[in-house]
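Architecture and fold: a report
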Amino acid sequence: MKSFLVTTPLKESWPSKDNKIVFLGDWCTLYDDKKFLYDYKHTISDYHWNDRDKLKVDYDYLNQLFENILPSLASKFNKIHKVNYDTRYWKLILGPWLMVFLSISFDRWESVRLCFKKFNINKTIQLLFNEKDMTPICMEDFSNKIEMDEWNHYLFSKIINYIDNKIEIDKIYPNKVLTNKVNGKQKSGFFNTLKSVFFSLTSFPAIYSKIFVYHSYLARAEMLKLNLKLNQIPYLNHVKDNFNKNFKKENYRDWELKEYDHNNNYENFICKNINKFVPCAYLENFNLINRLTDKKFWPKKPKVIFTSNAHYMDETFKFWAASKIKDFDTKLAIGQHGGHWGQGSFNFTENYEISISDKYLSWGWTNENKKVSPVGIIKPLIKSKNNKKKDKLIFILLGTDRYSHNIQSIPISSQWLNYFNYQIMLANNLNQKIKKNIHFKLYPHDYKWNQIQRLKDNLDFSTFEIIKENIKYKDIFKNCRLTISGWNSTTFLETMSSNIPTIIFWDEKYFELRETAKHDFELLKKAKIFFDNSHEASKHINNIWDNIDLWWYDNKIVKIRNLFVEKYSNTENVLKKIAKELNNC
């Protein structure tokens, strides 16, 4: 039977109810659409990365493709901008975007390809968006756009047109006109003007700094101490530049990449279409951003640049750092900025960060790469006061994009639904007196999963609280008796380092560990800190709730968790170790 393909939840792209629909994935049907769907004859195509072996194979392939395609992009961009910069320069600038774009485009490609292979698709509707509206301004804008149904519909349409020219396509203009998202403008007013002047005056000495510390993840007081150890004045103005989309008369997008393998349709698609998805920052705004770097009170000839996250989203910083590395052989030190690094089986971002850095400062772990130096956790610890009123159970949940965006060993895309149900099983198995003290910390981005309503509909109790987004992170754990961390993230490293009783709970099917970490988590299992079974986890929590300290401070438990913290979130002499590594770069 012939079927109608729907790629997103945009209702304008849905057919009439007398059609048999194949939804490309669970991302097509929002939680609020449940009743609406009863009137449709529909099937949801299986998600190809539910095969986690395929996910790992594809991860390895995309890592290699990233390295293969980068030199071609570098050559193309050199020609466009009439420069002659090496591949590392372009890797520092293009790398974060290229890494994510290859991941998402391959995922969307495979979803369409395998759906066509399984179902007899004969028709679809494509919404004709303005291509300029789909072009991202910068990496931050790109990260926003790839969450949008409209942008993903646009990408799916490009893929469908390339894969199958026999399918009947109804092309219509959408009712909604997209407006370009532009980074927020700087706040005006006397106080902010005064603040800007203050930062400008205090930033001037940074011009002479040999070691430039920028967006390190350290608290401000710790950053001041680090700079004192480095015998220099700290740079305090960490505000990103804002710039608009800039389409000039000169056509920066009339090009393609040379095809690598004529038999690889996906790679050929990328070569012919990648020009449409490159952020303006790297084409139309390239000269503008280079001029912005000249206006910064940043070092002219730094010996070392140290950051933990500016290399990802801050375009002006990336351009500046790439030029200093190119011109003066400046060394780049990158600090670990989250959990999963050093533990997860695969992580595209970790791979990229180590590859571009001269020194990678981990929170305690090492690997075979000599660039990795363990310094300890580069984040403020959570201050938890001892008092008798501790009654909260803080339950921390993961949120992932409905559309995948980057590959690492966590639940991806619609696998979040299985993840969520797994966490619900644990909560429902807890004793009633515990349930009335549960406070859920939801992921700050909902991604249209409707997390709160799902909790209300699936929990067998209604006494839980949702921690408000405006609550300061340090205040979340006040009166916390126990925290449950439902995913491989920063939070459980922070709570364990801060000596807050912690349970780690996830399905090992979706949170694969690297070989060097498996033994460490087995020890946590023995200590009843880590669980992958909801009944065992809930039974343990029910047993210890009235006297958690008896478990948490048991000598054997203390020894095991101290070994774990020492390796993955070490707190000993962190600033001293960072200063030493930066001085030795």
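Residues numbered from 1 in each chain as written. Predicted model: local features only at pLDDT ≥ 70, side-chain atom pairs only at ≥ 80, totals over all residues. Heavy atoms only, no water.

1. With respect to the environment of Trp14
Topologically, Trp14 is positioned in the loop between β1 (3-6) and β2 (20-23). It is 9.7 Å that separates the C-alpha atoms of Trp14 and Gln126, two residues lying 112 residues apart in sequence. Filtering out sequence-adjacent residues up to four positions away, Trp14 remains in contact with Val6, Thr8, Pro9, Phe23, Cys28, Asp33, Phe36, Leu37, Tyr40 and Ile125. A polar contact is formed between the side chain of Trp14 and the backbone oxygen of Thr8, at a distance of 3.0 Å. (Helix = DSSP H or I, 4+ residues; strand = E, 2+ residues; numbered from the N terminus. Contact = heavy atoms within 4.5 Å. Polar contact = N/O pair within 3.5 Å; in protein donor to acceptor, adjacent residues only side chain to side chain.)

2. Side note on the sheet that holds strand β6 (residues 211-213)
Spatial ordering of the open sheet is given by β6-β7-β8-β9-β10, a layout of 5 strands whose pairing is parallel. The sheet is open, and its two edges are formed by β6 and β10 (372-374), each paired on a single side. Adjacent strand axes in the sheet meet at a mean angle of 20° when their direction is disregarded. Examined bridge by bridge, strand β9 (residues 359-362) and β10 share 3 bridges and lie parallel to one another. (Pairing = 2+ DSSP bridges. Axes fitted to C-alpha atoms, helices over the stretch in contact; angles between N-to-C directions.)

3. A look at the pairing of β9
Burial along β9 is two-sided: Lys359 and Leu361 and Tyr360 and Ser362, pointing in opposite directions, are all buried. Each parallel crossover has a hand, and for strand β8 (residues 331-335) linked through helix α13 (residues 348-356) to β9 it is right-handed. (Buried < 20%, exposed > 50% of the residue type's maximum accessible area, 1.4 Å probe, protein only. Right-handed = clockwise from strand over helix to strand, strands pointing away.)

4. What about the packing of aromatic side chains?
If you walk through the whole model with that rule in mind, you get 63 aromatic pairs. Ring geometry for Tyr473 and Phe477: centres 5.7 Å apart, planes at 75°, overall edge-to-face. By relative accessible area, Tyr473 is classed as partly exposed at 33%. On the basis of an interplanar angle of 45° and a centroid distance of 4.8 Å, the ring pair of Phe564 and Tyr568 is categorised as tilted. Residue Phe564 and its partner Tyr568 are both found in helix α22 (residues 555-568); the two are separated by 4 residues, about one turn of the helix. Of the two residues, Phe564 and Tyr568, neither departs from the other in class, the shared state being buried. Among the aromatic residues, those joined into a ring-pair cluster are Tyr419, Phe492, Trp506, Phe511, Phe521, Phe530, Phe564 and Tyr568. Positioned over the ring face of Trp365 is Arg514, at 5.9 Å from the centre of the ring. (Phe/Tyr/Trp six-rings, centres within 6.5 Å; stacked < 30°, edge-to-face > 60°. Lys NZ or Arg CZ within 6 Å of the ring centre and 35° of its normal.)

5. Describing helix α20 (residues 534-544)
Of the positions making up α20, those classed as buried are Ser534, Ala537, Ser538, His540, Ile541, Asn542 and Ile544. Its side-chain oxygen 2.9 Å from the backbone nitrogen of His535, Asn533 forms the N-cap of α20.

6. A closer look at helix α9 (residues 265-273)
Each α-helix turn comprises 3.6 residues. Residues three or four places apart therefore point the same way. Burial analysis of α9 places 7 of its 9 residues in the buried class, the great majority of the element. Those residues of α9 lying buried are Tyr266, Glu267, Asn268, Phe269, Ile270, Cys271 and Asn273. Elements in contact with the buried residues of α9: α2 (52-81), α3 (87-118) and α6 (149-163). Its side-chain oxygen placed 3.2 Å from the backbone nitrogen of Tyr266, Asn264 serves as the N-cap of α9.

7. A look at the pattern of salt bridges
Evaluation of the coordinates by the stated rule reveals 36 salt bridges. Among the salt bridges present, the one from Asp241 reaches Lys296, with a minimum N-O distance of 3.1 Å. Here Asp241, found in the loop between α8 (220-229) and α9, pairs with Lys296, found in the loop between α10 (286-294) and β7 (304-307); they are 55 residues apart in sequence, far enough to count as distant. Of the charged contacts in the structure, one is a salt bridge between Lys433 and Asp546, with a shortest N-O distance of 2.8 Å. Taken together, the residues Lys433 in helix α15 (residues 432-435) and Asp546 in the loop between α20 and α21 (548-552) connect sequence positions 113 residues apart. A relative accessible area of 37% means that Lys433 is categorised as partly exposed. Overall, Asp546 belongs to the exposed group, its relative accessible area being 59%. Residues joined by salt bridges that share partners form a network here, namely Lys54, Asp58, Glu110 and Arg113. (Salt bridge = Lys/Arg side-chain N within 4 Å of Asp/Glu carboxyl O.)

8. Here's the deal with the nonpolar core
It is characteristic of soluble globular proteins that their nonpolar side chains tend to be buried jointly. Within the largest apolar cluster, 191 residues are counted, with the highest numbers of intra-cluster contacts made by Trp97, Ile274, Tyr282, Leu393 and Phe440. Per-element accounting of this core gives the leading share, 17 residues, to α3. Apart from the residues within four sequence positions on either side, Phe440 is in contact with Phe395, Leu397, Ala427, Leu455, Leu459, Phe464, Glu465, Ile466 and Ile467. (Core = buried A, V, L, I, M, F, W, Y, C linked by side-chain atoms within 4.5 Å.)

9. Re the packing of α3 against α6
How two helices pack is summed up by the angle between their axes together with the distance between the axes. α6 packs onto α3 with a crossing angle of 55° between their chain directions and a minimal axis gap of 10 Å. Taken together, the axis directions place α3 and α6 in an arrangement best described as oblique. As α3 packs across α6, the resulting crossing turns out to be right-handed. Across the interface between the two elements, Ile104, Ser105, Arg108, Trp109, Val112, Arg113 and Phe116 from α3 touch Trp151, Asn152, Leu155, Phe156, Ile159, Ile160, Tyr162 and Ile163 from α6. Across the contact of α3 with α6, the residue classes tally to 11 nonpolar, 2 polar and 2 charged. (Parallel < 35°, antiparallel > 145°, perpendicular 65-115°, else oblique. Left-handed = near helix turned anticlockwise from the far one by under 90°. Nonpolar A, V, L, I, M, F, W, Y, C, P; charged D, E, K, R; others polar.)

10. Concerning the confidence of the model for the protein chain
Per-residue confidence for the protein chain averages 92 on the pLDDT scale, and 93% of its residues sit at or above 70. In the predicted structure, residues 182-186 sits below a pLDDT of 50 and forms 12 contacts with residues beyond four places in sequence or in another chain. (pLDDT = per-residue confidence, 0-100.)

11. Description of the sheet that holds strand β16 (residues 530-531)
The 6 strands lie next to each other as β13-β12-β11-β14-β15-β16, forming an open sheet whose pairing is parallel. Where the open sheet ends on each side, the last strands, each with one partner, are β13 (465-466) and β16. In the sheet, strand β11 (residues 392-396) pairs with strand β14 (residues 480-485) via 5 bridges, with the strands oriented parallel. Following the sheet pairing, Ile394 is matched in β14 by Thr483. Running at roughly 165° to β11, helix α14 (residues 415-428) makes contact with β11, β12 (438-441), β14 and β15 (502-505) of the sheet.

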